[in-house]
Amino acid sequence: MSLTLLRHPHVPAATLLAGLVPPRHFAEASFAGSVPDPAHPSQLTARDRLAEVATALRTPTRRRLLAPRRAPGAAAVYLDGGFGVGKTHLLAALANAVGTEDVAYGTFVEYTHLVGALGFVPTVQALRTRRVVCIDEFELDDPGDTVLMARLLRELGDAGVTLAATSNTLPDSLGEGRFAAEDFLREIQALATRFEVLRIDGRDYRHRGAPTPRSGLPDDAVRATIAQQEVPAECLDFDVLLAHLRTVHPSRYGALLGEVRMLGLTGVHPLVDQADALRVVVLVDRLYDHDVPVALGGTGTTGLFPPTMLAGGYRKKYLRALSRLTALAEDAGAPGAP
């Protein structure tokens, strides 16, 4: 079996731009497909508000007919809530409703990587031609990247581009009534008055609760599971994968997956290096975007990110990765024992 993950894909800047569409996992996301939880009315409120934004963008006006990609007086909406309450589904539904040819959709990290590849001014010039720019998982843990994105959003907003962003509120902050929106609005400073904040309550639909640590399967069982697949599947040792990720820029992790439709990891163990942990976060995001189930061996998700990491500044990233990796392990059909 060819280990296609152990390669160094070349990703031209134009390909990065073309890739700013909803990920495979949400390619068919729609407002009709969003089923709000009656116990949390804020889910219905957020869905209906984004549907209104999409309708307004699709409604022709004289000025828009003259400049079809402009949206004078553009909206700016921020979705705030815990993990797995449907924010990304709604963001992708907005993009699909408007039309992906008129929308740029990417994660915060993908946009910072785009600026690194193209330069700031060319990135602005490329994105200002879109009616909507969607930013999933807006991150505030790197001051430099936050300032960069705030400047990018200001330039796009001034050009009449509608903005829509999401971020996660940590579970304990939800319990205390604190929301990530407060940090978001503070960090983007002058842009704050443009954004309408929609708070979304609810439980993580991926597993209806906090990610439960799961032991891994026996490594031989992981290998057997991958060998039985009829779709392109690969099995790698966790340390081999970590070593390879160190040699590939995170902006290329999506391309790294290629045609792989299922991944097996043997010898999974707790991470000790924060740089490795952050690379794993990016890879898990791309695996989730591409709908690639993951069969976990070794210790599974148990202690994958140790307490010192979960208590640090990147805690939100790590909890999101655990939530998504748990879902991907369940999709593999053999997630291991709790």
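The rules we used
- Residues numbered from 1 in each chain as written.
- Predicted model: local features only at pLDDT ≥ 70, side-chain atom pairs only at ≥ 80, totals over all residues.
- Heavy atoms only, no water.
- Axes fitted to C-alpha atoms, helices over the stretch in contact; angles between N-to-C directions.
- Helix = DSSP H or I, 4+ residues; strand = E, 2+ residues; numbered from the N terminus.
- Parallel < 35°, antiparallel > 145°, perpendicular 65-115°, else oblique.
- Contact = heavy atoms within 4.5 Å.
- Buried < 20%, exposed > 50% of the residue type's maximum accessible area, 1.4 Å probe, protein only.
- Pairing = 2+ DSSP bridges.
- Right-handed = clockwise from strand over helix to strand, strands pointing away.
- Core = buried A, V, L, I, M, F, W, Y, C linked by side-chain atoms within 4.5 Å.
- Polar contact = N/O pair within 3.5 Å; in protein donor to acceptor, adjacent residues only side chain to side chain.
- pLDDT = per-residue confidence, 0-100.
- Phe/Tyr/Trp six-rings, centres within 6.5 Å; stacked < 30°, edge-to-face > 60°.
- Lys NZ or Arg CZ within 6 Å of the ring centre and 35° of its normal.
- Expected span 1.5 Å × (residues − 1).

Topic: the packing of helix H11 (residues 238-245) against helix H13 (residues 274-289)
One can describe the packing of H11 onto H13 by two numbers: an axis separation of 10 Å at closest approach and a directional angle of 95°. Judged by the inter-axis angle, H11 sits roughly perpendicular to H13. Two secondary-structure elements touch here, H11 through Phe238, Leu241, Leu242 and Leu245 and H13 through Asp276, Arg279, Val280 and Leu283.

Brief notes about the pairing of strand S7 (residues 262-266)
The element S7 is largely enclosed, with a buried count of five among its five residues. Because side chains alternate across S7, one face comprises the buried residues Met262, Gly264 and Thr266, and the other comprises Leu263 and Leu265, equally buried. Strand direction decides the pairing type here: strand S6 (residues 233-237) and S7, joined by five bridges, are parallel. Paired with Asp237 across the strands is Thr266, a residue of S7. Pairing geometry for S7 and strand S8 (residues 294-296), over three bridges, is parallel. For Leu265, the partnering residue across the bridge sits in S8 and is Leu296. In this fold, the crossover linking S7 to S8 by way of H13 has right-handed handedness.

Focus: the sheet that holds S8
If you walk across this open sheet you meet the three strands as S6-S7-S8, and the pairing is parallel. Edge strands, defined here as strands with exactly one partner in the open sheet, are S6 and S8. Direction aside, neighbouring strands of the sheet carry axes that sit 15° apart on average. Of the strands in this sheet, S6 and S7 are in contact with H11, which crosses S6 at around 90°.

Description of unusual backbone geometry
Its identity as a non-glycine residue notwithstanding, Glu137 has a phi of 60°, on the positive side. Tracing the sequence through the fold places Glu137 in the loop between strand S3 (132-136) and helix H7 (143-158). We note that Asp291 has phi near 60°; this positive angle belongs to a residue other than glycine. Considering the arrangement of structural elements, one finds Asp291 in the loop between H13 and S8.

So, the environment of Val115
Looking at the secondary structure, you find Val115 in helix H5 (residues 108-118). For Val115, a relative accessible area of 10% puts it in the buried group. Distance from Val115 to Met149, taken between C-alpha atoms, is 9.5 Å for residues 34 residues apart in sequence. Setting aside residues no more than four positions away along its own chain, Val115 makes contact with Phe120, Thr123 and Leu148.

Comments concerning the nonpolar core
If you look at the biggest cluster of nonpolar residues, it comprises 60 residues, and the most contacted ones within it are Leu94, Cys134, Leu265, Leu271 and Phe305. No other element matches the eight residues that H13 contributes to this core. Contacts of Leu265, omitting those with residues within four sequence positions, involve Val222, Leu236, Phe238, Leu241, Val294, Ala295, Leu296 and Gly297. Core analysis: the next-biggest nonpolar cluster, separate from the first, contains 26 residues, Tyr111, Val133, Leu152 and Phe195 among them.

Looking at the side chain of Arg214
Position of Arg214 relative to the elements: it lies in the loop between strand S5 (196-200) and helix H10 (219-227). A distance of 3.4 Å separates polar atoms of two side chains, one belonging to Arg214 and the other to Glu330.

Focus: the confidence of the model for the protein chain
Taken as a whole, the protein chain shows an average pLDDT of 83; of its residues, 83% reach a score of 70 or greater. Confidence drops under pLDDT 50 across residues 170-179; counting only partners more than four residues distant or on other chains, this segment forms 17 contacts.

Looking at the pairing of strand S2 (residues 103-107)
Judged by how many residues are buried, S2 sits mostly within the fold: five of five residues are covered. Neither face of S2 is open: one carries Val103, Tyr105 and Thr107, the other Ala104 and Gly106, and all of them are buried. Bridge count for S2 against S3 is five bridges, and the pairing is parallel. When the bridges of S3 are listed, Gly106 appears paired with Ile135.

With respect to the packing of aromatic side chains
For the structure on display, the rule yields three aromatic pairs. Geometrically, the ring pair formed by Phe108 and Phe138 is edge-to-face, given 4.9 Å between the ring centres and 70° between the ring planes. Pair noted here: Phe108 is in helix H5 and Phe138 is in the loop between S3 and H7, with a separation of 30 residues, a long-range link. Residue classification places Phe108 among the buried positions, given a relative accessible area of 2%. Sitting over the ring of Phe120, Arg151 keeps its end group 3.8 Å from the ring centre.

Topic: H13
Relative to the 22 Å expected for 16 residues at 1.5 Å per residue, H13 spans 23 Å between its end C-alpha atoms, a close match to the ideal helical length. Most of H13 sits inside the fold, with twelve of its 16 residues counted as buried. Every buried residue belonging to H13 is among Asp276, Ala277, Val280, Val281, Val282, Leu283, Val284, Asp285, Arg286, Leu287, Tyr288 and Asp289, and all of these are buried. Regarding H13, its N-cap is Asp273, as a side-chain oxygen of that residue lies 3.0 Å from the backbone nitrogen of Ala275 further along. Following H13 by one or two positions, Asp291 adopts a phi angle in the positive range, close to 60°.

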